[in-house]
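Coordinate analysis (summary)
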Amino acid sequence: MRITILFTFLLFSFLSLCAQKKNGKSGKYNDINSHITRQYHSGKVIDSLTREPIEFVTITDLNSRKRASTDKNGNYNLNQIAGDSLLISCIGYRPTTIISGRFTLTVLEKSSIALKDVVITNNATLSTYKNLTSLDLNMQPAKSAQDLLRLVPGLFIAQHQGGGKAEQIFLRGFDADHGTDVNISVDGIPVNMVSQAHGQGYADMHFLIPETVAGYDFGKGPYYSDKGDFNTAGYVAYNTKNVLDQDMIKVEAGQFNTFRTVALINLLSDKAKEKGTSAYVAADYLYSNGGPFTVPEHFKRLNLFGKFITKLDSNNILTATVSTFKSDWRASGETPDRAVSEGYISSRFGTLDSAQGGHTARTNASVKLVTDLRNGWTMSNQLWYSHYYFNLISNFSFYYYFPATGDEFRQYERRDLGGYNGKISKMVTVNNTTFTTTAGLVSRYDHISPLELDHTENGQFLGYLQYGRATELNLNGYFDETISTGKWLFNAGVRLDYFHYNYVNLSTDTVATNIFNNVNPNAGKATLSPKLSAEYTFNDKIQLYLKLGKGFHSNDARVVIANKGFEILPAAYGADLGINWKPLPNLFINTAAWYLYLQQEFTFGSDLIDQPAGPVSPSGKTVRVGVDFSARYQLTKWLFASLNVNVARPRYLDSLKGHDYVELAPTLTSTAGLDFRLKNGINGGISYRYLHARAANSDYSLTARGYFITDLAINYTQKRYEIGIAIENLFNRKWDEAQFEYTSQLKGETAAVDQVSYTPGIPFFAKLKFAVFFK
């Protein structure tokens, strides 16, 4: 690591020197304009339709080419400008030129997407990603909440227990199960569930209506001071629309008895919006059999969402959101490879246990107050609350543990959780240097009762494998400082997290009693996570960056108490060395080489009996190295191309060579697409997703098969309506969406078999949609 840091420092210094020599004439510009009085200019940029502030707008001094970007409130400062003309530009908006003054309010109108509007500045590792997320969200509208995750370059998902279960997540060489190493939030409310009945970090996004999403932000690696638990491989943060630019009703229908309807309705007039007040509601209903399964999924989901935002006065904005969702489904589960070939079921879409499936529900409420304290200070205070219910019946091993009654089990919980998010920040410019200071204070409390792992048969309760109640408290604070001066940007931050766990065993089962007997039901731990990043921007075409940081993922309360507080918060240490590059005005490239060390991996297996948290259990230390590559290219005004390639080498550190493969961890993934938008309203795209074959167990004696799937979407969009068709698996490829190594024993077998089990991927699937837009 020291060699890497030294090499990087020398590389930055050498390139900086080269850039200074190459741009030796740049001083000429300042000499020519030295007679011009230097000015200070500040302003705000808002959307013409919604009157909402626009973040990451680029403000360019047309004389000096000096740049600034807007913050979350649409504000910007530009110091020591050399002329009176400023260019205001942002991807998806029509650029405009203004005359500089003391303060200017600029209103931007939405326009066609143009990649030339993406500008590399000395905060581009944030703003460029933000611009690209806007590009991807506009060009590839999400068809579901799960598809929103797929918009993150290099992130793959898999569904393996019916449509209602949270998706399995793959990112940066992690099989992150359902979220153990990816921090996910919506409007500041955490999605990941700690000490969840099915798995640590379980992140069910099905309560999010994709049409309500205004944007998303993501980051890879543990480098972000405001992101804590589960931010090891990365984070994804979604924000919903504050204001609707129009009302909408949409109906979708497709194969496998799939039907969906969604509505977004404004509750207040345009005059209220102009005064800073808006309210809308959204509803979403889905029914689907999920595919050609012998036992149909009968997946039913209902979502309701409401949002209210008002400007209390010139300094305070209040936002309130409420949402609720529930879903029910049946599942065919995972099928051992031998089940079809040996005649246990008639097809890949058959089932060995028809009682599998689940029910889940979540209700959220949030109140947020953002206050402009003047003189560059901004404060944000948010209170949130969720009520959550989860009931899942599964069977991975069939008759291995319980030959007479079978191994079917239920994971069940009810919980209440809530918290506070507080942040204060200040941006100030001194001469040619901008300082952005941020401090935050966050709390979260989970009360889970009951928390169960039950033995069942045909869905009926037979006995407790685990039964208890848990509470978990997380208190944290962070401090972050960003300094932008000339071509350099430095960011340093630190966060302090404290966790307190309590788990009380209520089961009289012998195994549970042996695990939790005579142990202290309480445990606590604090951890400090420093972060450091540096960027050097040579010009508006090329930028280098280095990121270093420590993160962590917390352990399940049951594991913490059973292990008597040992390894409560396994740490992750990461480093990224990357480049942002615009070799052409319409081509943007980002690539990064990265490293990540993890003190303790979480893995998934079929061991129901001996593990305190059921199938998910801690394992050994791991290290990952890899390369991420992303490119966006606008071929014409109406045709866009995208490419993402992600390579990783995950290995256990405390295992012998040849037995050190990390189970199911992806080693090579890629996505690419061509998207088009014609002036006559025809739009859409074709894309692929590729996941390479990988080790299913630690010695690679079992292989999880890869896949290459192509999707197609074509729409005809007009001012008042839209019709379209979306096709998944265009070429009807046979593929496995999820795969696991399980030791299983089928009914009638005399011995167990260690083998890969799979959930078949959906075949050719077409879905039509019709939407109406109105005021």
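Let us look at the structure shown here. Nothing here was measured: the structure is a model prediction, and the numbers come from that model. (Residues numbered from 1 in each chain as written. Predicted model: local features only at pLDDT ≥ 70, side-chain atom pairs only at ≥ 80, totals over all residues. Heavy atoms only, no water.)

Core analysis: the largest hydrophobic core is formed by 32 residues, its most contacted members being L149, I184, M205 and Y238. Going through the elements one at a time, α4 (145-150), β9 (168-171), β11 (182-186), β15 (213-220), β16 (234-240) and β32 (587-598) are the ones with two or more residues in this core. What Y238 contacts, discounting residues up to four positions off in sequence, is L148, L149, I184, S185, V186, D187, M205, L208, V213, G215 and Y216. Counting residues in each nonpolar core, the second largest holds 30 residues, with F299, Y501, V560 and I568 among its members. (Core = buried A, V, L, I, M, F, W, Y, C linked by side-chain atoms within 4.5 Å. Buried < 20%, exposed > 50% of the residue type's maximum accessible area, 1.4 Å probe, protein only. Helix = DSSP H or I, 4+ residues; strand = E, 2+ residues; numbered from the N terminus. Contact = heavy atoms within 4.5 Å.)

Looking now at the pairing of strand β23 (residues 357-374). Relative to β23, strand β21 (residues 316-330) is paired through 15 bridges, and the arrangement is antiparallel. Along β23, the bridge assignment pairs F325 with R362. As judged from the 17 bridges shared by β23 and strand β24 (residues 377-394), these two strands associate in the antiparallel manner. Bridge pairing in β24 links T363 to H387. Connecting the antiparallel pair β23 and β24 is a turn made up of two residues, with N375 showing a positive phi of about 55 degrees. (Pairing = 2+ DSSP bridges.)

Take the sheet that holds strand β5 (residues 85-89) next. Here four strands make up an open sheet; going across it, the order is β3-β2-β5-β6 and the pairing antiparallel. Where the open sheet ends on each side, the last strands, each with one partner, are β3 (67-69) and β6 (96-99). Within the sheet, the average angular offset between the axes of one strand and its neighbour, ignoring direction, is 25 degrees. Pairing analysis gives four bridges linking strand β2 (residues 58-61) to β5, with the strands arranged antiparallel. Note that in β5 the partner of I59 across the bridge is I88. (Axes fitted to C-alpha atoms, helices over the stretch in contact; angles between N-to-C directions.)

Moving on, we come to the sheet that holds strand β8 (residues 156-158). The strand order across the open sheet built from three strands is β8-β9-β10, with neighbouring strands paired in antiparallel fashion. Two strands lie at the open edges of the sheet, namely β8 and β10 (174-175), each paired on one side alone. Across three bridges, β8 lies against β9 in antiparallel orientation. Looking across to β9, one finds that A158 is bridged to Q168.

A word on unusual backbone geometry. A negative phi angle is the norm for most residues apart from glycine, just as the trans form is the norm for most peptide bonds. Of note, the bond from S449 into P450 is cis; its omega dihedral lies within 30 degrees of zero at 0 degrees. Examined against the element boundaries, P450 turns out to sit in strand β26 (residues 433-457). In this model, S195 sits at a positive phi of 50 degrees, which is unusual for a non-glycine residue. Structurally, the position occupied by S195 is in the loop between β13 (192-193) and β14 (202-203). The class of S195 is buried, set by a relative accessible area of 1%. A positive phi angle is found at N518, which is not glycine, with a value near 60 degrees.

A separate point is the packing of aromatic side chains. Scanning the entire structure with this criterion turns up 27 aromatic pairs. Relative to F305, the ring of Y280 lies with its centre 6.0 Å away and its plane at 50 degrees, an arrangement referred to as tilted. Within this pair, whereas Y280 is found in strand β19 (residues 277-288), its partner F305 is found in strand β20 (residues 299-311), the two being separated by 25 residues in sequence. The exposure class of Y280 is buried, given its relative accessible area of 1%. Within the aromatic cluster, the residues linked to one another by ring pairs are F396, F409, F740 and Y742. (Phe/Tyr/Trp six-rings, centres within 6.5 Å; stacked < 30°, edge-to-face > 60°.)

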